[in-house]
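# Remarks on the overall topology
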Amino acid sequence: MTSTSALTYTCVGPSCAWPTATRPTSCHRIDAGDRTVLVDIGHGALQALRGADAPLERLDAVLLTHLHLDHWADLVPLVWMRRFELAATAPLPVVVPEGQAARLRTALEALDALDVLDWITLTELQAGLPPVDVGPVAVTAVALPHSAVLTVNGYRLQAADGTTIVISGDCGPTDALPAFARGAGLLVLEATVPAPLPGHLTPGEAGAIVAATQPGRALLSHYLEPLGGAPQLASARAVCPDVPLAFAEPGVAVAVAAAPSTVRDR
Ligand SMILES: [Zn+2]
């Protein structure tokens, strides 16, 4: 690790499986000084990243929680943009859950996009292993219940000074996340559905995980647009009243540090 600064989290895409006019699908940006890591890059995320002047030519890595399309659709245009527009020469590090590299290759072959593999370094990160350095952060993974077909990782990203952000992949209710996320300054959780549905969380179920984790603050993401409404947020806050909690919104950044977090717009 090379950075001792705190981490900044910026929501790029908080929508579930389809984008809205203003909200891309899953994408989270983590900055440590001038270093940048993305977690997921779903539909619409690349346009939003360009609009925010994100340093796409010098990304440290893209971590994919899993291979449902709303979590990686814009990886292909990102790689093509870096190659043909930005003339990037270094391959883009891409991290996928255990066993998913071959699945990504198969998907790219089906899309006639196998050339992408020549412009990325593709590695798998197995849940439960010791931290691996990824750009400015040390990363660990937890396996989450979401798909009968795909392996799903949640990621814990920790800076050298101990500042920690945890981002869930898609998941249903699980006891694995609170232990995995303990001590995090920021926990970003999916809250996809208004009523219980296997493989996803309601805001209330997400709030229960927040209550069990006690992070410095929490953001709900991967939501249906109507879930941005006050009643659903209230159902989450009701079960974790002592943790600041909000819906993630594009462009809203959270400075995460050992001291209490602050929120600012940019
Ligand atoms: Zn999914």
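The following paragraphs examine the structure supplied in this document. (Residues numbered from 1 in each chain as written. Predicted model: local features only at pLDDT ≥ 70, side-chain atom pairs only at ≥ 80, totals over all residues. Heavy atoms only, no water.)

## Considering the coordination of the zinc ion
Binding of the zinc ion to the protein goes through His66 (NE2), His68 (ND1), His146 (NE2) and Asp170 (OD), at separations of 2.2 to 2.4 Å. Seen from the zinc ion, its four donor atoms lie at angles of 88 to 171 degrees, and the figure they make is irregular. Positions of the donor residues of the zinc ion, expressed as sequence spacing, correspond to H-x1-H-x77-H-x23-D. By relative accessible area, which is 30% here, histidine 68 ends up partly exposed. (Donors = N, O, S within 2.8 Å, 3.2 Å for Na, K, Ca; no water. Tetrahedral: all angles 85-135°; square planar, octahedral: opposite > 155°, others 65-115°. Buried < 20%, exposed > 50% of the residue type's maximum accessible area, 1.4 Å probe, protein only.)

## Some words on the nonpolar core
Residues Ile41, Leu64 and Leu92 are the most contacted members of the largest nonpolar core, which totals 30 residues. At the level of elements, β3 (35–41), α1 (45–51), α2 (75–84), β5 (92–97), α3 (101–110) and β6 (120–125) are the ones that each hand at least two residues to this core. Broken down by element, the residue count for this core peaks at five residues, all from α2. Setting aside residues up to four positions removed in sequence, leucine 92 forms contacts with Leu59, Val62, Leu75, Leu78, Val79, Arg82, Trp119, Ile120 and Thr121. (Core = buried A, V, L, I, M, F, W, Y, C linked by side-chain atoms within 4.5 Å. Helix = DSSP H or I, 4+ residues; strand = E, 2+ residues; numbered from the N terminus. Contact = heavy atoms within 4.5 Å.)

## Digging into helix α6 (residues 230–239)
In an α-helix there are 3.6 residues to a turn, and that puts residues three or four apart on one side. Residues Gln232, Leu233 and Ala236 constitute the buried set of α6. End-on, the buried residues of α6 take up no more than an arc of 100 degrees, which puts them together on one face. More than 90 degrees from the buried face of α6, the exposed residues found are Ala230, Pro231 and Ala238. The inward-facing, buried residues of α6 contact α5 (203–213), β12 (217–221) and β13 (245–247). (Arc of directions from axis to C-beta.)

## Here we look at the pairing of strand β11 (residues 186–190)
Where burial is concerned, most of β11 is hidden: five out of the five residues are buried. Neither face of β11 is open: one carries Leu186, Val188 and Glu190, the other Leu187 and Leu189, and all of them are buried. Note that strand β10 (residues 164–167) and β11 share three bridges and pair parallel. Within β11, the position partnered with valine 166 by the bridge is leucine 187. Pairing geometry for β11 and β12, over five bridges, is parallel. Bridged to leucine 189 within β12 is leucine 220. Note that the unit made of β11, α5 and β12 has a crossover that is right-handed. (Pairing = 2+ DSSP bridges. Right-handed = clockwise from strand over helix to strand, strands pointing away.)

Function cannot be inferred from these measures alone, as they are strictly geometric.
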